[in-house]
Each structure stands twice: as C-alpha cells, then as structure tokens.
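What the coordinates show
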Amino acid sequence: MPFVLPDPEGLAPEVYPLAWLLGTWRGEGVVAYPGIDEGAFTQEIVVASDGGPYLSYTSTIRLVTAPADTGALEDEPPAPVWQTESGYWRIPPERPTDWGLTPEQHAVELLVADPSGHVALYIGAVGKGRIDLVSDAIVRTASGAEVSAGKRLYGLVNGELMWAHDLAAFGHPMQSYASGRLARVEAATDDDAA
C-alpha cells in the first residue's frame, strides 16, 4: 500500500521534507558494541506533528530474550524496555552554507534525550528519502555513560524505515552500535471498526 502524505493543512511547511517519517513504525534490529553483547531487539518509533515547525519523536527498544515463536499468550507482558529516547526533528529556518548540502537536500536537526542521562543534538541533511546525521553536541549527567560522538542514518527503502547508529563511547572509536528495519503500522480506519 503506498504511503499518502498527511493533509498539508495540519503540517507546518517547514517540515515537509520530513513528512515521510510521520507515523508509527515497528520492527526489529540488532545491537552490539564493545562491552555490550550482541542482541536482537524489537522497536517502536512514533513520529508525530501537532502543527508546529517540528516533528516529535519517541523510540522504545526492548531486547529479545527468547525466540519470537514461544507460543506465549497474547496477554503476556512485553519484554522489559532496554532503551528509550524522545526528541524533535527540525528543519533550520536558514539554509546553512557550510554543511555541504546538495540542491536536493535540506538541513535537518534532531534533538534527543534519553533517561540514561544524555541529551544530544544531531545535524545533517535530508533528501530523497534519506537522512544523514552527525552529533554536534552530546552532554551527559555526572552518572551518564561516556558518549563522545555519534552518527545516524535513516532511509526509506521499499516502504520500510531502515536505520543505523554509530557511536564513539567508553573510549572506543566510532563504530557500529545498532541498526534496525521497521515497517509502518497502518492507522485503523472507521471501516476497520465496523
């Protein structure tokens, strides 16, 4: 089923280049990093608009601790949350001249916070269903893990949201941390309820 962009009347024109992110996405991925054993996870990302010149963003990752086909009852509680983050996607009001943007790209900013004690600002480019980001600033609380830099890539590939996150943390150089493949969850319609 093709994705239909939301009614532009409810979406700020500033965020049109990011409109393809809107919605709820669910899928699976893998995490691995020095000191973190490789593991599979499930993830839900929600990107929404309230009409402002930004999109809100939340992500919840749950580690998979058992095979997916366990015959579990539907009312069994989900796996514990391993990582969450929330933030905002923005298109800067002025086009930066020193970001190396091509004519079909727009500058983009992603501000994210996570409960493990980090707030990060990523900057980059969006265009043709792809977002490339690098960290501009990462701050942490006194008890937050030492994360010094990050890179993120998001892409719309055959209707799915693919993403990858690289980190420089705990004294290690920049390297792969996590990646995922998510499908858009279709919203229920009035016809579905009938």
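Residues numbered from 1 in each chain as written. Predicted model: local features only at pLDDT ≥ 70, side-chain atom pairs only at ≥ 80, totals over all residues. Heavy atoms only, no water.

Re the overall build of the chain
Along its length, the chain carries one helix and 10 strands. For the chain, the sequential pattern of α-helices and β-strands runs β-β-β-β-β-β-β-β-β-β-α. Partitioning the contacts of the chain with sequence separation of at least 6, the portion at a separation of at least 24 is 42%. Total accessible area on the chain stands at roughly 11500 Å², and carbon and sulfur atoms take up 55% of it. (Helix = DSSP H or I, 4+ residues; strand = E, 2+ residues; numbered from the N terminus. Contact = heavy atoms within 4.5 Å. Areas by Shrake-Rupley, 256 points an atom, 1.4 Å probe, with all protein chains shown as cover.)

Topic: the sheet that holds strand 4 (residues 81–90)
Ordered by their spatial adjacency, 10 strands build a closed barrel running 1-2-3-4-5-6-7-8-9-10, and the pairing between neighbours is antiparallel. For this sheet the average axis-to-axis angle between neighbouring strands, irrespective of direction, equals 20°. Judged from the eight bridges that link them, strand 3 (residues 55–63) and strand 4 form a sheet pairing that is antiparallel. When the sheet's bridge partners are listed, T58 is paired in strand 4 with S86. (Pairing = 2+ DSSP bridges. Axes fitted to C-alpha atoms, helices over the stretch in contact; angles between N-to-C directions.)

Considering the side chain of H165
Mapped onto the fold, H165 is located in strand 9 (residues 160–169). Residue H165 is classed as buried on the basis of its relative accessible area of 8%. Not counting the four nearest positions on each side in its chain, H165 is found in contact with Y122, K151, R152, S176, Y177 and A178. (Buried < 20%, exposed > 50% of the residue type's maximum accessible area, 1.4 Å probe, protein only.)

Looking at the nonpolar core
L18, W89, I131 and Y154 are the most contacted members of the largest nonpolar core, which has 36 residues in total. Counting residues per element, this core draws most heavily on strand 9, which supplies four residues. Every residue in contact with Y154, bar those within four places of it in the chain, is listed here: W20, Y57, W89, L110, G129, R130, I131, L133, L161, M162 and W163. (Core = buried A, V, L, I, M, F, W, Y, C linked by side-chain atoms within 4.5 Å.)

Notes on the UniProt feature "short sequence motif: GXWXGXG" (unreviewed entry) in the chain
Those places that UniProt annotates as "short sequence motif: GXWXGXG" (unreviewed entry) correspond, in this numbering, to residues 23–29. Note that residues 23–29 is 0% helix and 100% strand, and that its end C-alpha atoms are spaced 19 Å apart. (UniProt positions renumbered as here; feature names shortened; annotations may be inferred.)

As for the side chain of R184
Structurally, R184 can be placed in strand 10 (residues 175–185). Judged by relative accessible area, which is 17%, R184 ranks as buried. In this structure the side chain of R184 is engaged in a polar contact, spanning 2.9 Å, whose partner is the backbone oxygen of W20. Side-chain polar atoms of R184 contact the backbone oxygen of L22, separated by 2.3 Å. (Polar contact = N/O pair within 3.5 Å; in protein donor to acceptor, adjacent residues only side chain to side chain.)

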